[in-house]
Amino acid sequence: MTWNLWWRFGPWEARRDAIAHVLREERPDVLGLQEVWGSASENFAGWLAKELGMEWVWSRSPVQDRWHRRNGGDTSVDVGVAVLSRYPILETAERRLPAAGFPDDGKTVLHALIDAPGGPLPFFTTHLNSGPAESGVRCAQVRELAAFVNERTGWGTVRASGSFPPVVSGDFNAEPDFDEVRLIGGYKTAPAEPGLVLLDAWRFADPSQPHGTWDIAHRDSVNFGDRPSRIDYLFVGLPGPDGRGWIRSARRAADAPVDGVWPSDHAAVVAELATGPVLVLQRSLF
């Protein structure tokens, strides 16, 4: 599951309980979070992990200025990304993403290797730049992200039987036809890293279900059109020879108020992956 939590915007005190309510109902095994708040007294990812009985790790953004300004100048609360897991986290790593000549927003990608049933699962979460004119920045960030995924997993060159493919989650601030999304996929254009193909899990969703993930709480906001935009993703590497990690389904979640409170302005994306060997029909994905 991936979900942008809308930092400390709106009625955040009420929203924190609504967020916890959604996660108790969804019960994700592994969860990537963006716009997670942290302070000297509390980290929201840690609070959620305690409430849900999960392990957690977070990556604080090294540049906080814009977020502090948007919070009325309050410098006591920071923003970052996090991973929560029902299974042990074996190792973690993080990587700064480039600003590519634009103001540095301190973006990072966080990796957690999960001791999941069926074998270790390499899970990544990130949050790319949001400016409407910053596609070039996001493309540079995607190239660094893909290099990091390949460094941690080698999945672009070796797909071993009995291994899970990498899962990359996050808010990419880009719709499916944007250059940066095509680049991270690596199958609608040349891949960002040689051999690294990451499938958009939404390819396996029911096409009749609502697809938008952003602006669900503020329908009058500018969002590239009259419909909520799909900018939140779960990307999954091609499965290994035994089909482990095959995407069984994908759907939207966290897309309704809880007791009148919108948990976030983003909906979540949930995907179900095969945890053991499966028979994969020999057919083209494309």
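Here the structure is shown first, and the text comes after it.
A few points on the structure. (Residues numbered from 1 in each chain as written. Predicted model: local features only at pLDDT ≥ 70, side-chain atom pairs only at ≥ 80, totals over all residues. Heavy atoms only, no water.)

**A look at the overall build of the protein**
The condition is simple: The helix count covers DSSP runs of H or I at least four residues long, the strand count covers runs of E at least two residues long, and both are numbered beginning at the N terminus. Each radius of gyration is computed over the set of C-alpha atoms, and the globule rule expresses the reference value as 2.2 Å times the number of residues to the power 0.38. Contact between two residues is taken to exist if any of their heavy atoms lie within 4.5 Å; hydrogens are not considered. Method for areas: the Shrake-Rupley scheme with a 1.4 Å probe, in which residue coverage is limited to the protein chains shown.
When its secondary structure is counted, the protein shows 5 helices and 12 strands. What you see for the protein is a C-alpha radius of gyration of 18 Å, in line with the 19 Å of a compact globule of 286 residues. Structurally, the protein occupies a C-alpha span of about 55 × 40 × 40 Å along its principal axes. Across the protein, every contact between residues at least 6 apart in sequence was considered, and the portion connecting residues at least 24 apart equals 72%. On the protein, roughly 12200 Å² of surface is accessible, and the fraction owed to carbon and sulfur atoms is 49%.

**What about the environment of R27?**
This is how the line gets drawn: Only protein chains enter the area calculation, which uses a 1.4 Å probe; residues under 20% of their type maximum are buried, those over 50% are exposed, and those in between are partly exposed.
Here R27 shows up in the loop between α1 (12-26) and β2 (30-39). Under the relative-accessibility criterion, R27 is labelled exposed at 52%. Considering only alpha carbons, one finds R27 and M1, 26 residues apart in sequence, at a separation of 9.4 Å.

**A few points about the packing of α1 against helix α2 (residues 44-52)**
Let me state the cut-off plainly: Between N-to-C directions, angles cover 0 to 180 degrees, with each direction set by a line fitted to C-alpha atoms, over the stretch in contact for helices. Oblique is the label for every angle not falling under 35 degrees (roughly parallel), over 145 degrees (roughly antiparallel), or within 65 to 115 degrees (roughly perpendicular). Helix crossings get a hand from a simple test, with the near helix turned counterclockwise from the far one by less than a right angle marking a left-handed crossing and a clockwise turn marking a right-handed one. The residue classification treats Ala, Val, Leu, Ile, Met, Phe, Trp, Tyr, Cys and Pro as nonpolar and Asp, Glu, Lys and Arg as charged. All others, Gly included, are polar.
The N-to-C vectors of α1 and α2 enclose an angle of 45°; their axes lie 11 Å apart at closest approach. By the angle class used here, α1 and α2 are oblique. Like other packed secondary-structure pairs, α1 and α2 cross with a definite hand, here right-handed. On the side of α1, the interface is formed by R16, D17, I19, A20, L23 and R24, while α2 contributes F44, W47, L48, E51 and L52. Each residue belonging to the contact of α1 with α2 can be placed in one class, and the counts come to 7 nonpolar, no polar and 4 charged.

**A closer look at the pattern of salt bridges**
Oppositely charged side chains can pair when the atoms bearing their charge come close. Rules: Salt bridges, as used here, are contacts in which a Lys or Arg side-chain nitrogen is within 4 Å of a carboxyl oxygen on Asp or Glu.
Scanning the entire structure with this criterion turns up 15 salt bridges. Across the salt bridge formed by E51 and R24, the nearest N and O atoms sit 2.8 Å from each other. On the criterion of sequence distance, the pair formed by E51 in helix α2 and R24 in helix α1 is long-range, its members being 27 residues apart. Here R138 and E180 are joined by a salt bridge, their closest N and O atoms 2.6 Å apart. Taken together, the residues span a long stretch of sequence, with R138 in helix α4 (residues 135-153) and E180 in helix α5 (residues 179-185) at a distance of 42 residues.

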